[in-house]
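Given next are the chains, with one letter for each unit.
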Amino acid sequence: MIISQGVAAATYAYGDGHAKTNEIFETNNNHDKDLNSVDADQHSKPVMLAGILPKDSAEQYELTFWDSIKDSNQISDYEAYLKAYPNGRFAGLAQSRIDRLRAAAPKAETPKAAEAPSPVTPAPTAKAPEKKTPSKPVAKAKPAPAAPTSSGSSTAGATGISEIQDCPTCPPLIALPAGEFVMGSNSGDPSEKPAHKVTISTPFAIGKFEVTVEQWNACVAGGACPREASDASRPKNTPVRDVSWDDAQLYVKWLSTLTGKPYRLPTEAEWEYAARGGTATRFWWGDKMRTGTANCKECGQPWSQDGPTPVGSFAANPYGLYDMNGSVWEWVSDCWHNNYKNAPTDGRAWNDGTCRVRVIRGGSWREDASYMTSTTRFKYDASVRHSQNGFRVARDNK
């Protein structure tokens, strides 16, 4: 991941002792020449951030947090940075961008109510470009995948797969049967190791799409979910974002009350089982990136740097699920663990009491193709809202 424009190299270590080189000292660049003197001062002098930056270090968190928002046009993203790092190395730059955005469009965005995240976990760190899934999923009870198309995916004839919807304003679901698969990868990011067989013993249903702005607003109208000021300017058929793990819990609780069904976030194992769509390759469409299959940076059209496209704009996977790769990062129910050592093998959520750091999956429209693999995972504090984070729902389907 590029930390900022115009940089030189230093090294930081991953949790297992592996090291990766990244570009991490800032020099003058041209894209912020219109900013005030605070910006000019920060960009005129090289700032060396040399040394070892562990993946879980506070300095690396700040750098990756900034990298995830540095091209944003949302005031709330820069406010979130300042709340987390009021004396951070980019604090002056963040404030000047807030001032510029407010001057350009004083009514375009109402700042969100302050939320004090603790601790803040930033957008994901750099990933290795090549990863391989070690072996094919075991075929036990695995449904036969239907062939995807660019305009949709038919689940007719795929054993155990059907589409259901519990109410007019509820997200449509794809019901999946029990089965087995190999989760994770033995190459690439250390957090995805070791690859291990998981048995999904209970059928479940998962959102055909990510929860949309329109669906979220139904919960807002029901008095159960907070209103996000920025949603007013976003198309109703785009994924809701700027929602925390805690916010997602409010939504699934509301759906459960509304329908009488046990809605929840998918477990991490269920999410990857669904994302793979019965495949064992790096992506559900194969081992190499293919344009038009994921909503990500430089991954093909339709794509916009301003935000994710309407749900369903890209091809569905063999299970008829859309946007599992890219679009927005998706919250799952599990606590974050640095790797899969001692992870459950039965598909349940891996939780440790009242942990505050939770797993996000799938990458977003602002990441590149290396984040679009079926194994991509990262972490975020459960209370933090970020413009790249959304979710899809799940429930048991016995």
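Per chain, residue numbering runs from 1 following the sequence as it is written. Given that this is a predicted model, residues contribute local features only at a pLDDT of at least 70 and side-chain atom pairs are listed and counted only at 80 or more, while totals for whole chains, interfaces and linings are drawn from all residues. Side-chain measures were taken over the full set of non-hydrogen atoms in the model, leaving aside hydrogen atoms and water.

Colleague: Hey, could you go over the overall build of the chain for me, with residue numbers and the actual values?
Modeller: Starting at the N terminus, helices and strands are each numbered in turn, a helix being any DSSP run of H or I of at least four residues and a strand any DSSP run of E of at least two. Regarding its fold elements, the chain presents 7 helices and 15 strands. Think of it in three bands: with a 1.4 Å probe and only protein chains considered, a residue is buried below 20% of the maximum accessible area for its type, exposed above 50%, and partly exposed in between. Across the 398 residues in the chain, those meeting the buried criterion constitute 56%. Residue pairs at least 24 apart in sequence account for 70% of intrachain contacts in the chain once pairs closer than 6 positions are excluded. With the model as given, the accessible surface of the chain reaches about 15800 Å², and the carbon-plus-sulfur share is 53%. Every residue pair with non-hydrogen atoms within 4.5 Å of one another is taken to be in contact. With residues, only the protein chains shown are counted as cover, and all accessible areas are computed by Shrake-Rupley using a 1.4 Å probe.

Colleague: Give a description of helix α4 (residues 91-104) that names residues and reports values.
Modeller: Take the residue count of a helix, subtract one, and multiply by 1.5 Å to get its expected span. End to end, α4 covers 20 Å across 14 residues, agreeing with the expected 20 Å (1.5 Å per residue, within 8%). For α4, every residue scored as buried is listed here: A91, L93, A94, S96, R97, I98 and L101.

Colleague: Give me the lowdown on the packing of aromatic side chains, citing residues and values where you can.
Modeller: Stacked, edge-to-face and tilted are the three classes for Phe, Tyr and Trp ring pairs, Trp counted by its six-membered ring, which pair at centre distances within 6.5 Å; planes under 30 degrees apart are stacked, over 60 edge-to-face, the rest tilted. Tallied over the entire structure, the rule returns 13 aromatic pairs. For the pair F204 and Y273, a centre-to-centre distance of 6.1 Å together with 50° between the ring planes defines the contact as tilted. Highlighted residues: F204 in strand β9 (residues 204-207) and Y273 in helix α7 (residues 268-276), separated in sequence by 69 residues. Ring plane angle 20° and centroid distance 5.8 Å describe the contact between W216 and Y251, whose orientation is recorded as stacked. Of this pair, W216 sits in helix α5 (residues 213-221) while Y251 sits in helix α6 (residues 245-259), placing them 35 residues apart in sequence. Summarising the burial analysis for this pair, W216 and Y251 share the class buried. One aromatic cluster is present, formed by F181, F204, Y273 and Y319 through successive ring pairs. Criterion for a charge above a ring: Arg CZ or Lys NZ at most 6 Å from the ring centre, at most 35 degrees from the ring normal. One cation-aromatic arrangement involves R358 over W245; the distance from NZ or CZ to the ring centre is 4.0 Å.

Colleague: Report on the environment of S374, specifying residues and quantitative values.
Modeller: For S374, the position within the fold is in the loop between β12 (357-361) and β13 (377-381). Using a relative accessible area of 0% as the deciding quantity, one classes S374 as buried. Once the C-alpha coordinates of S374 and Y273 are considered, the two residues, 101 residues apart in sequence, prove to be 9.0 Å apart. Ignoring anything within four residues of it in the chain, the contact list for S374 reads W271, E272, A275, R276, T281, R282, F283, W284 and R361.

Colleague: Can you tell me about the state of the cysteines, naming the residues and giving the values?
Modeller: For this text, the term disulfide refers to a pair of cysteine sulfurs within 2.5 Å. Applying the stated rule across the entire model yields 4 disulfides. Listing the disulfide partners of the chain by sequence rank of the bonded cysteines yields 1-2, 3-4, 5-6, 7-8.

Colleague: Give a description of unusual backbone geometry that names residues and reports values.
Modeller: Glycine aside, residues mostly have negative phi angles, and peptide bonds mostly take the trans form. Cis geometry marks the peptide bond from K193 to P194; its omega dihedral reads -10°. By the secondary structure assignment, P194 is in the loop between β7 (179-183) and β8 (196-200). Of the consecutive residues Q301 and P302, the connecting peptide bond is found in the cis state with omega at 0°. Mapped onto the elements of the fold, P302 is located in the loop between α7 and β11 (329-335). Phi at D242 is positive, roughly 65°, even though this residue is not glycine.

Colleague: Run through the confidence of the model for the chain, naming residues and quoting values.
Modeller: The pLDDT value tells you how sure the predictor is about a given residue, anywhere from 0 up to 100. Mean pLDDT over the chain stands at 76; residues scoring 70 or higher make up 71%. Below pLDDT 50 for its whole length, residues 1-56 participates in 134 contacts with residues either more than four positions away or in separate chains. Predicted confidence for residues 107-157 stays below pLDDT 50, and this span has 153 contacts to residues more than four positions away or in other chains.

Colleague: Residue-level account of the pattern of salt bridges, with values.
Modeller: A pairing counts as a salt bridge when a side-chain nitrogen of Lys or Arg comes within 4 Å of a carboxyl oxygen of Asp or Glu. Here the structure, examined in full by the defined rule, presents 14 salt bridges. D246 serves as the salt-bridge partner of R356, at 2.8 Å between the closest nitrogen and oxygen. Within this pair, whereas R356 is found in the loop between β11 and β12, its partner D246 is found in helix α6, the two being separated by 110 residues in sequence. Its salt-bridge partner being D247, residue R385 comes within 2.7 Å of it at the nearest N-O pair. With R385 in the loop between β13 and β14 (389-391) and D247 in helix α6, this residue pair connects regions lying 138 residues apart in the sequence. A residue is classified by how much of its surface remains accessible, and D247, at 4% relative accessible area, is buried. Where salt bridges share partners, they join E268, E272, R276, R361 and R377 into one cluster.

Colleague: Provide a residue-level description of the pairing of β8, including the pertinent values.
Modeller: Sheet faces and side chains relate simply in a regular strand, where the side chains alternate between the two faces. Alternating positions in β8 separate cleanly, H196, V198 and I200 being buried on one face and K197 and T199 remaining unburied on the opposite face. Pairing analysis gives 5 bridges linking β7 to β8, with the strands arranged antiparallel. Looking across to β8, one finds that E180 is bridged to T199. Between any two strands, at least two bridges found by DSSP are needed for them to pair.

Colleague: Talk me through the nonpolar core; I want residue IDs and the actual numbers.
Modeller: To qualify as a nonpolar core, a set must consist of buried Ala, Val, Leu, Ile, Met, Phe, Trp, Tyr and Cys residues joined through side-chain atoms within 4.5 Å. With 54 residues, the main nonpolar core has W66, Y81, W216, Y251, F391 and V393 as its most contacted residues. Of all the secondary-structure elements, those providing two or more residues to this core are α2 (58-69), α3 (75-84), α4, β6 (173-176), α5, α6, β11 and β13. Counting residues per element, this core draws most heavily on α6, at 6 residues. The next biggest cluster of nonpolar side chains, apart from the first, holds 23 residues, and it includes I206, A269, A275 and M324.

Colleague: Explain the sheet that holds strand β15 (residues 394-396) to me, using residue names and the numbers behind them.
Modeller: Reading across the sheet, the 5 strands line up as β5-β6-β9-β15-β10 and stay open at both edges, with antiparallel pairing between neighbours. The sheet is open, and its two borders are formed by β5 (162-164) and β10 (263-264), each paired with just one other strand. Looking at chain direction, β5 and β6 are connected through 3 bridges and run antiparallel. Across the sheet, residue S162 finds its bridge partner in β6, namely A175.

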